Amino acid sequence: MSATLPNTLSTTRPTTLHLPAPAKLNRLLHITGRRADGYHELQTLFQFLDLSDDITLTPRTDGQLVLANTLDGVAEEANLALRAARLLKAQAPASVAPRCGADIALNKRLPMGGGLGGGSSNAATVLVGLNALWQLGLSLDELGALGLSLGADVPVFIHGHSAWAEGIGEKLTPVTLDTPWFVILHPGVSVSTPAVFGDPQLTRHTPPISMARALQGGASTWQNDCEAVVKAHYPPVAKALDFLSRFAPGRLTGTGACVFAAFENAEDARHVAQAASQYGSAWVAKGCNVSPLHDALGG
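Predicted model only: the values in this text are computed from it and were never measured.

Asker: Can you explain the pairing of strand β9 (residues 259-263)? Please cite residues and give values.
Answerer: With respect to burial, β9 is a largely interior element, 4 of its 5 residues being buried. When strand β7 (residues 181-186) meets β9, the two strands line up antiparallel, connected through 5 bridges. Bridging from a neighbouring strand, Leu185 pairs with Val259 of β9. With 2 bridges joining them, strand β8 (residues 251-252) and β9 adopt antiparallel strand pairing. Opposite Arg251, over in β9, you have Phe260 as the bridge partner. Linkage of β8 to β9, two consecutive antiparallel strands, is achieved through a turn of 6 residues, within which Gly254 is found at a positive phi near 60°.

Structure below.
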């Protein structure tokens, strides 16, 4: 069930790029240990959705990197899209760097801190997009190494394929997963990832399993080790999961706050999403094995 990924994307020089920064789900999330540096060892299955933020990258001739719009509650220096652009520019040869400028406009659709990977996906789209816009010619492996310094989830968005991940989430093996329709429900609360990983009740020693065993077991056996802690501390998440579980197995993605359930067809998913309004904001999205970002760039 593995797939082979190209290590490059099209390098045809574009002008303005309009690109998706897609959401992801953690269809499985096991915490298998805690490292000496405080990070946790994970096993997870990443899958993309056809639900995304949108990013527009417009070249500038003055070499400046400018955010065309800001995000409420996010300082410019903390914006992962801008940080990614600056990081990439620092890798450009001295002869090229003066022309490496861009306006970066972000149309935000994904809820911040929802477990859908929005900030990491924004960073990955900027790295991949500006690499093409500036014709730097970095490979996906090189971009992934840069992205890891911004966040453990950034490499999977750069490589752009559903993946089995280990380590802190950066050791990736491409896989092919089923692609159902998902209802994604955000219960309107903000979950603190550090608080979840620091909770003494968090399960930290789930026995590691092989990728083959995880895939053979299938979705009916998958679990998220963060779910019990998040449900205990965030009642709206528990209520949202209870609601979804009336129709299909509901699960947490990442540390939340978003929860999701899979359906065989769009009609069933839309029916459940329409009934979910009292539990939060709901979206219907199709699972993807290839990132919409790579589709957009012809990778």
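Structure shown, so let's carry the discussion forward.
Asker: Could you give an account of the nonpolar core, naming the residues involved and the relevant values?
Answerer: Formed by 46 residues in total, the largest nonpolar core has its most connected members in Leu57, Leu88, Val126, Leu130 and Trp134. Top element by residues in this core is helix α2 (residues 118-133). It accounts for 7 residues. Once residues lying within four places of it in the same chain are set aside, the contact partners of Val126 are Ile55, Leu57, Ala81, Ala84, Ala85, Ile104 and Asn131. Residues Val183, Val191, Cys226 and Val230 belong to the second largest nonpolar core, which totals 30 residues.

Asker: Residue-level account of the pattern of salt bridges, with values.
Answerer: Going through the model one piece at a time under the given rule, you end up with 7 salt bridges. Asp37 serves as the salt-bridge partner of Arg35, at 2.7 Å between the closest nitrogen and oxygen. Put simply, Asp53 and Lys108 hold a salt bridge, and the shortest N to O gap is 2.8 Å. Taken together, the residues span a long stretch of sequence, with Asp53 in strand β2 (residues 40-60) and Lys108 in the loop between β4 (101-107) and α2 at a distance of 55 residues. Salt bridges linked by common partners bring Arg60, Asp62 and Asp103 together as one network.

Asker: Go over the packing of helix α1 (residues 80-91) against α2, please, and point to the residues and values.
Answerer: Packed helices, taken two at a time, are described by the angle their axes make and the gap between the axes. At their nearest, the axes of α1 and α2 sit 8 Å apart, and the two run at 35° to each other. Helix-helix and strand crossings are classified by hand; for α1 and α2 the assignment is right-handed. Contacts from Leu80, Ala81, Ala84, Ala85 and Leu88 of α1 reach α2 at Gly119, Ser120, Asn122, Ala123, Val126, Leu127, Leu130 and Asn131. Grouping the amino acids of the contact of α1 with α2 by side-chain chemistry returns 9 nonpolar, 4 polar and no charged.

Asker: Could you give an account of α1, naming the residues involved and the relevant values?
Answerer: Its 12 residues place the ends of α1 17 Å apart at the C-alpha level, agreeing with the 16 Å of an ideal helix rising 1.5 Å per residue. Looking only at α1, the buried set comprises Leu80, Ala81, Leu82, Ala84, Ala85 and Leu88. Summarising the contacts, the buried residues of α1 are in contact with β3 (65-67), β4, α2 and α3 (140-148). Its side-chain oxygen 2.9 Å from the backbone nitrogen of Ala81, Asn79 forms the N-cap of α1.

What counts and what doesn't
- Residues numbered from 1 in each chain as written.
- Predicted model: local features only at pLDDT ≥ 70, side-chain atom pairs only at ≥ 80, totals over all residues.
- Heavy atoms only, no water.
- Buried < 20%, exposed > 50% of the residue type's maximum accessible area, 1.4 Å probe, protein only.
- Helix = DSSP H or I, 4+ residues; strand = E, 2+ residues; numbered from the N terminus.
- Pairing = 2+ DSSP bridges.
- Core = buried A, V, L, I, M, F, W, Y, C linked by side-chain atoms within 4.5 Å.
- Contact = heavy atoms within 4.5 Å.
- Salt bridge = Lys/Arg side-chain N within 4 Å of Asp/Glu carboxyl O.
- Axes fitted to C-alpha atoms, helices over the stretch in contact; angles between N-to-C directions.
- Left-handed = near helix turned anticlockwise from the far one by under 90°.
- Nonpolar A, V, L, I, M, F, W, Y, C, P; charged D, E, K, R; others polar.
- Expected span 1.5 Å × (residues − 1).
- Polar contact = N/O pair within 3.5 Å; in protein donor to acceptor, adjacent residues only side chain to side chain.

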